[in-house]
Amino acid sequence: MHPRPSPIAASLYTLRDMNADVIILHGPHGCCFRTGRLLENDGVRVVTTAMSENDFIFGASEKLEETLNKVDEMFSPKLVGVVGTCVSMIIGEDMKEAVKNADIKAKVVTVESHGGVGEGDNTEGAIAVLNAAAKEGIIPSNEMERQNKMLQLATEIEKTRGMAQGQYIKPSYGDNKVKVAKLLIDAIKKGDKIAIILNAKKETSYLFSDILKIQFEKIKPNNNITLIANLDDKIGLPRIRQHAVNIKKELSNNGISIDYITGGLDEYPVTGKKAVEILKEEKFDIIVVAGVPHALPIEEIETTSIAITDGPRLVEPLKKIGYNYVVTEIDAHAKTLGTDNIVPSDFGDSLRGLMDIE
């Protein structure tokens, strides 16, 4: 009943992760404008065909052809994505024919996406891109199948444990970050056994990795902290793998190493379960899960737990599945687009602030 991410936006992000040079939205200039503007920060040129009322009646294939030719002239791209919108779908626009007529030098991935594709889940837009890219030979079919499986699992998690459960969920900003940070610092001082788990996705991992970078040795040398993360840099689309490379390199440069790698950044629907298998081997006093904490079956672990999420509408579901404390990081996508370094988080700043006082 409440607004959720759009399949069109998911198509844009997935093309970005394939390192598309330019994305053309075939629709009104206001469609998905915020996502389009944000992606410019990641080096992707996002343009539209700026369809208007007249185009809704007579079609806008010529506009798409003109835009393709202009994009080719202005940017000399190697890979271009053409993404449909609700308007192009409703009027039955033949985007592939327009792409064929334009015949630009770049490889073009045409995606028949719109706001209600399938059941309207955002993952439908990502799947549409993957399928189209496989047909064009941009990614192998086995990678397309693997990613489709991950996206289907991600949808299932959101519908059973996240904010896509159907009913209206009131936004909440969770527990007080300073109080939760103090709880964690006090536990470290006592020598409690603590697990910090990164189970994040895409570029938001730059923000949720911040807690891994904190120098807890300053308050307790030889502390009892285990780091678990889904930072396998051999899995996923090119940009996603690079995120994992960048984060691990930055952590290593700060003298920090990950104790357990659970998988890649696009495998968060299953890496949470792998993390729980590790957690069950030892008894931990506190568990901290950052990124997509509802993908980790916390109800299987009996201990104090802290979730770090970017969704105000995830606070209530996270408490229901068993997390004792939930803190929110607002605008994680906006803060991490265009970066290749770990970004300070609000919770991380709370921890550092308390540590400076000590």
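Basis of the calculations
- Residues numbered from 1 in each chain as written.
- Predicted model: local features only at pLDDT ≥ 70, side-chain atom pairs only at ≥ 80, totals over all residues.
- Heavy atoms only, no water.
- Pairing = 2+ DSSP bridges.
- Helix = DSSP H or I, 4+ residues; strand = E, 2+ residues; numbered from the N terminus.
- Axes fitted to C-alpha atoms, helices over the stretch in contact; angles between N-to-C directions.
- Core = buried A, V, L, I, M, F, W, Y, C linked by side-chain atoms within 4.5 Å.
- Buried < 20%, exposed > 50% of the residue type's maximum accessible area, 1.4 Å probe, protein only.
- Contact = heavy atoms within 4.5 Å.
- Parallel < 35°, antiparallel > 145°, perpendicular 65-115°, else oblique.
- Left-handed = near helix turned anticlockwise from the far one by under 90°.
- Nonpolar A, V, L, I, M, F, W, Y, C, P; charged D, E, K, R; others polar.

**Describing the sheet that holds strand S1 (residues 22-26)**
- Taken in spatial order, the 4 strands make up an open sheet running S2-S1-S3-S4, and their pairing is parallel. The sheet is open, and its two borders are formed by strand S2 (45-48) and strand S4 (107-111), each paired with just one other strand. Between one strand axis and the next, the sheet turns by 20° as a mean value, whatever way the strands run.
- Inspection of the sheet shows S1 paired to S2 by 4 bridges, in the parallel sense. Counted as the bridge partner of isoleucine 23 is valine 46 from S2.

**Regarding the nonpolar core**
- In this structure, Leu184, Ile196, Ile211, Leu212, Phe216, Phe347 and Leu351 are the most contacted members of the largest nonpolar core, which totals 74 residues.
- Considering each element in turn, this core owes the most residues, 7 residues, to helix H7 (residues 122-135).
- Setting aside anything within four residues of it in sequence, one finds phenylalanine 216 in contact with Ile188, Ile196, Ile211, Asn223, Ile225, Leu351 and Met355.
- Within the second largest apolar cluster, 20 residues are counted, among which are Ala275, Leu279, Ile301 and Leu318.

**Topic: the packing of helix H1 (residues 7-17) against H7**
- Orientation of H1 relative to H7, taken along the N-to-C sense of each, is 40°, at an axis distance of 6 Å. The angle between the axes of H1 and H7 places the two elements in the oblique class. For the pair H1 and H7, the sense of crossing is right-handed. Across from Pro7, Ala10, Ser11, Thr14 and Leu15 in H1, the residues of H7 making contact are Asn122, Gly125, Ala126, Val129 and Leu130.
- For the contact of H1 with H7, the per-class residue count stands at 6 nonpolar, 4 polar and no charged.

**Some remarks on the packing of H1 against helix H2 (residues 33-40)**
- Packing of H1 against H2 leaves a shortest axis separation of 9 Å and a crossing angle of 15°. Our classification of the angle between H1 and H2 gives roughly parallel. Note that H1 runs across H2; the crossing there is right-handed. Facing Ala9, Leu12, Tyr13 and Arg16 of H1, the residues of H2 in contact are Thr35, Gly36, Leu38 and Leu39.
- Here the contact of H1 with H2 is composed, by residue class, of 5 nonpolar, 2 polar and 1 charged.

**Digging into unusual backbone geometry**
- Positioned with a positive phi, serine 76 is a non-glycine residue whose angle comes to about 45°.
- Its place among the elements puts serine 76 in the loop between helix H4 (61-75) and strand S3 (79-84).
- The residue lysine 202 is not glycine, and still its phi comes out positive at about 50°.
- Along the chain, the position of lysine 202 falls in the loop between strand S5 (194-199) and helix H10 (205-208).
- Of the residues examined, lysine 202 reaches a relative accessible area of 24% and is grouped as partly exposed.

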